[in-house]
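# Observations on the three-dimensional arrangement
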There are 2 protein chains.
Amino acid sequence: MDEPKHPVTTVDRTLQIVEIIQELDGAGVSEIAAQVDVGKSAVHNHLNTLANRGYVLKEGDEYQVGLAFLGLGAYARKRNEIFDAAHAQVDTLAEETGELVNLLVEKNGMGIYLYQAQGENAVELDTYEGKQVRLHCTGLGKAILGFRPREEVADILAEHGMPAETEHTITDEEPFFDELDEIREQGYAIDEEERLNGLRCVAAPVTDDDDRAIAAISVSCPVHRVDDDRFYEDLQQAVLGAANVVELEHNYS
Amino acid sequence: MDEPKHPVTTVDRTLQIVEIIQELDGAGVSEIAAQVDVGKSAVHNHLNTLANRGYVLKEGDEYQVGLAFLGLGAYARKRNEIFDAAHAQVDTLAEETGELVNLLVEKNGMGIYLYQAQGENAVELDTYEGKQVRLHCTGLGKAILGFRPREEVADILAEHGMPAETEHTITDEEPFFDELDEIREQGYAIDEEERLNGLRCVAAPVTDDDDRAIAAISVSCPVHRVDDDRFYEDLQQAVLGAANVVELEHNYS
DNA sequence: GAACGCAGTTCCGCCGAGCAGAACAGGTAA
DNA sequence: TTACCTGTTCTGCTCGGCGGAACTGCGTTC
């Protein structure tokens, strides 16, 4: 999305306010006003308008994100038919592996986590359902881009850039395209601390009839706990299997 | 929430727009403008501002609810610790019974569906995660109110009223309180077509250490398919069992 | 294939809604 | 008590959101 020609600043402000509440895990009027750079009376009016519809919740002297967002969020998620096909598979994969399992889709060149399931030993990460990430630095993103036309990938990289998240992030186009070729060949992607230090992932794409990726599934685990054997054998196989089941369910039903 | 003293009409309008998109399952600018009663240029500006942040998505000539809401919604849900404790139980209950299983919490005197899981034969309803309902007309709501101080219940009823949803809805305080007494005694609530014709539910409260309800779990099924034996024996037992497990998990961990 | 009708988008000028800032209310700490 | 935090209410100014008209571009229809 390019910048709107005539942005409605009031709307931007409201969204910003809610996002700040989320970020701070609950906040008061003054606290928010300081961050948004508007007077607290204005913030107060926004909050009360939002509260009236259940979009924020007043807990004493602190405001919290309201559950009304869940209605819209769950609806938006359900519209992706891939979610229905995948979420049971993601659950069982998490149970089998005991690790953190993710489902990612691409929207406007960015990756969005559609669903997560925690296994017994799952790592705690900064990811959450609905979170947006750049595609170039995650196993999930690379799995998707590996099964997209090279031209489209170039457009996405041009639009969103390839900033380094860790010292292992691939930040140049050329090696990145080489990596994508390899991913396409082997059918899965590996992320070795490219987005987060200490974290490795195996990710497999979910493709449609035309071999175009519409989503990706990954297992994330800490580098120090999972050795190469388990990583490249068990986990890789499990992820590929799950992705395959989802693919079948999605394309032929 | 009582009416804000100084509502921000622009915010209201934006939320209204998004809700309309959800209701219509995607809509165009003109279509929305007709319903909100503002010019389409204004609607257009709102939509583009929202789209810029991922809160709506442009699909050709039609706008859709964006996944950015999922981030806030999932966050809001996760803040209710009861969700973590309950959601696996709700899943297994759905699988075991094959029916629709719901998890409801109370916020500001209204019920909000926190989570749903569909079993194999689950009915398709008008409920969805994040949906708000009045407490007096659902099994879930009654299960919660049964384990709340009578005074608090009276306040809630006074604030939100007791409109009839079907011809079976209880619309007067006195019989309602009698019903709550019974619910408290037997430990579960029954809803026989009180919110929706043709639908019956068994609901059990999840209570905290002080025997105060913090949530409720229910199984919903069509009246014509489930006979009394299965309803009052199998389902009731299953729901009570699940609620109990959740209770333990929530209160002692 | 010209003409129409419908969509979304852009532009502009007016006026009312959102804002800042001050005053008020309530609660807590020194 | 005093001081200093909150959140809330109020008022008047002004700037941003709005309506409405103009523009664009895609399908349909004749």
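One can find the structure itself at the top, above this paragraph.
Quick look at the structure, then.

Criteria and cut-off values
Residues numbered from 1 in each chain as written. Chains lettered and ligands numbered in written order. Predicted model: local features only at pLDDT ≥ 70, side-chain atom pairs only at ≥ 80, totals over all residues. Heavy atoms only, no water. Contact = heavy atoms within 4.5 Å. Buried area = accessible area lost by both parts, 1.4 Å probe. Salt bridge = Lys/Arg side-chain N within 4 Å of Asp/Glu carboxyl O. Polar contact = N/O pair within 3.5 Å; in protein donor to acceptor, adjacent residues only side chain to side chain. Helix = DSSP H or I, 4+ residues; strand = E, 2+ residues; numbered from the N terminus. Nonpolar A, V, L, I, M, F, W, Y, C, P; charged D, E, K, R; others polar. Buried < 20%, exposed > 50% of the residue type's maximum accessible area, 1.4 Å probe, protein only. Phe/Tyr/Trp six-rings, centres within 6.5 Å; stacked < 30°, edge-to-face > 60°. Lys NZ or Arg CZ within 6 Å of the ring centre and 35° of its normal. Pairing = 2+ DSSP bridges. Axes fitted to C-alpha atoms, helices over the stretch in contact; angles between N-to-C directions. Near = heavy atom within 4 Å. Least-squares fit on C-alpha atoms with pLDDT ≥ 70 in both. Expected span 1.5 Å × (residues − 1). Parallel < 35°, antiparallel > 145°, perpendicular 65-115°, else oblique. Left-handed = near helix turned anticlockwise from the far one by under 90°.

## Some points on the interface of chain B and chain A
Many authors give the size of an interface as the accessible area that is lost as the parts come together. Contacts between the two partners involve 57 residues from chain B and, on the opposite side, 57 residues from chain A. Buried surface at the junction of chain B and chain A, summed over both partners, amounts to about 5,100 Å²; 61% is from carbon and sulfur atoms. Put simply, chain B and chain A have 6 salt bridges between them. Two residues, Glu-59 of chain A and Arg-79 of chain B, come together in a salt bridge whose shortest N-O distance is 3.4 Å. At the boundary of chain B and chain A, one finds 15 residue pairs in polar contact (both at pLDDT 80 or more). Put simply, the parts of the chain that give the side of chain B that touches chain A at least two residues each are α1 (9-24), α3 (40-52), β1 (56-59), β2 (62-65), α4 (68-79), β3 (100-107) and β4 (110-118) of chain B. Of the residues in the side of chain B that touches chain A, the class split is 25 nonpolar, 20 polar and 12 charged.

## Focus: the pattern of salt bridges
Residue and element names in this part refer to chain B. Summed over all chains, the structure comprises 29 salt bridges over all chains. When the shortest N-O distance is used, the salt bridge between Glu-179 and Lys-142 registers 2.8 Å. Here Lys-142 lies in helix α6 (residues 139-146) and Glu-179 lies in helix α8 (residues 173-186), a separation of 37 residues in the sequence. Overall, Lys-142 belongs to the buried group, its relative accessible area being 0%.

## As for the packing of aromatic side chains
How two aromatic rings sit relative to each other is given by the distance of their centres and the angle of their planes. Residue and element names in this part refer to chain A. Applying the stated criterion to the full structure yields 5 aromatic pairs over all chains. A centroid spacing of 5.0 Å and a plane angle of 75° characterise the contact between Tyr-55 and Phe-69, whose relative ring orientation is edge-to-face. One end of the pair, Tyr-55, is in the loop between α3 (40-52) and β1 (56-59); the other, Phe-69, is in helix α4 (residues 68-79), and 14 residues separate them in sequence. Residue Phe-69 is classed as buried on the basis of its relative accessible area of 2%. If you follow Arg-150 out to its NZ or CZ, it ends over the ring of Phe-177, 4.1 Å from the centre.

## Examining the sheet that holds strand β8 (residues 213-222) of chain B
All names here are of chain B. Reading across the sheet, the 6 strands line up as β5-β4-β3-β8-β7-β6 and stay open at both edges, with antiparallel pairing between neighbours. Among the strands making up the open sheet, the edge pair consists of β5 (132-134) and β6 (189-192). Recorded for the sheet is a direction-independent mean angle of 30° between the axes of neighbouring strands. Both strand β7 (residues 199-207) and β8 contribute to a ladder of 9 bridges, which runs antiparallel. Residue pairing across strands places Ala-203 opposite Ser-218, the latter belonging to β8. Running over the sheet, α6 touches β3, β4, β6, β7 and β8 and is turned about 150° from β8.

## Examining the protein's contact with DNA strand C
If you check the shell around DNA strand C, you find 21 residues, and the closest are Arg-13 and Gly-39 of chain A together with Ser-30, His-44 and Lys-58 of chain B. At the protein interface, 67% of the atoms of DNA strand C within 4 Å belong to sugar or phosphate. At 2.6 Å from a phosphate oxygen of DNA strand C is found a side-chain nitrogen or oxygen belonging to Thr-9 of chain B. Between a phosphate oxygen of DNA strand C and a main-chain N or O atom of Val-29 of chain B, the distance comes to 2.6 Å. Every element with two or more residues in the surface near DNA strand C is listed here: α3 of chain A together with α1, α2 (29-36) and α3 of chain B. Broken down by class, the residue content of the surface near DNA strand C amounts to 6 nonpolar, 10 polar and 5 charged.

## A few points about the sheet that holds strand β6 (residues 189-192) of chain A
Residues and elements named next belong to chain A. The strand order β5-β4-β3-β8-β7-β6 describes an open sheet built from 6 strands, whose pairing is antiparallel. Unpaired on one side and paired on the other, β5 (132-134) and β6 mark the two borders of the sheet. When strand polarity is set aside, the average angle formed by the axes of neighbouring strands in this sheet is 30°. Here strand β4 (residues 110-118) runs beside β5; their pairing, made up of 3 bridges, is antiparallel. Residue pairing in the sheet places Gly-111 in a bridge with Val-133 of β5. On the sheet, helix α6 (residues 139-146) packs against β3 (100-107), β4, β6, β7 (199-207) and β8 (213-222) and is oriented at approximately 150° with respect to β8.

## Quick look at the relation of the copies chain B and chain A
Each of the two chain copies goes to the other by way of a rotation about an axis and a shift along it. With an RMSD of 0.1 Å, the operation that places chain B on chain A is a rotation of 179° combined with a shift of 0.0 Å along the axis. Expressed as an axis order, the relation between the two copies is that of a two-fold axis. Interface overlap between copies: 100% of the residues of chain B at the interface are likewise at the interface in chain A, consistent with a symmetric, same-surface contact.

## Quick look at α1 of chain B
Residues and elements named next belong to chain B. With 16 residues, α1 extends 22 Å from end C-alpha to end C-alpha; this agrees with the ideal 22 Å at 1.5 Å per step. Every buried residue of α1 is listed here: Thr-10, Val-11, Asp-12, Thr-14, Leu-15, Ile-17, Val-18, Ile-20, Ile-21 and Gln-22. Where α1 ends, the next residue or the one after it, Asp-25, has phi of about 55°, a positive value.

## Details of the packing of α4 of chain A against α1 of chain B
For the pair α4 of chain A and α1 of chain B, interaxial distance at closest approach is 11 Å and the crossing angle is 40°. Taken together, the axes of α4 of chain A and α1 of chain B lie oblique to each other. As α4 of chain A runs across α1 of chain B, the sense of the crossing is left-handed. Residues Gly-71, Leu-72 and Tyr-75 of chain A of α4 of chain A pack against Val-18, Ile-21 and Gln-22 of chain B of α1 of chain B. For the contact of α4 of chain A with α1 of chain B, a count of residues per class yields 4 nonpolar, 2 polar and no charged.

## Points about unusual backbone geometry
Notably, Asp-37 of chain A is not glycine yet its phi reads approximately 65°, a positive angle. As for its position among the elements, Asp-37 of chain A is in the loop between α2 (29-36) and α3. One non-glycine residue with positive phi stands out, namely Glu-193 of chain B, at about 55°. Along the chain, Glu-193 of chain B turns up in the loop between β6 and β7.

## Some remarks on the protein's contact with DNA strand D
Around DNA strand D, the structure places 22 residues, and the nearest of them are Thr-9, Ser-30, His-44 and Lys-58 of chain A together with Gly-39 of chain B. Per the 4 Å cut-off to the protein, sugar and phosphate atoms form 65% of the nearby atoms of DNA strand D. Contact between DNA strand D and Gly-39 of chain B: a phosphate oxygen at 2.5 Å from a main-chain N or O atom of the residue. The side chain of Ser-41 of chain B places a nitrogen or oxygen atom 2.8 Å from a base nitrogen of DNA strand D. Elements that contribute at least two residues to the surface near DNA strand D include exactly α1 (9-24), α2 and α3 of chain A together with α3 of chain B. Its residues assigned to classes, the surface near DNA strand D shows 6 nonpolar, 10 polar and 6 charged.

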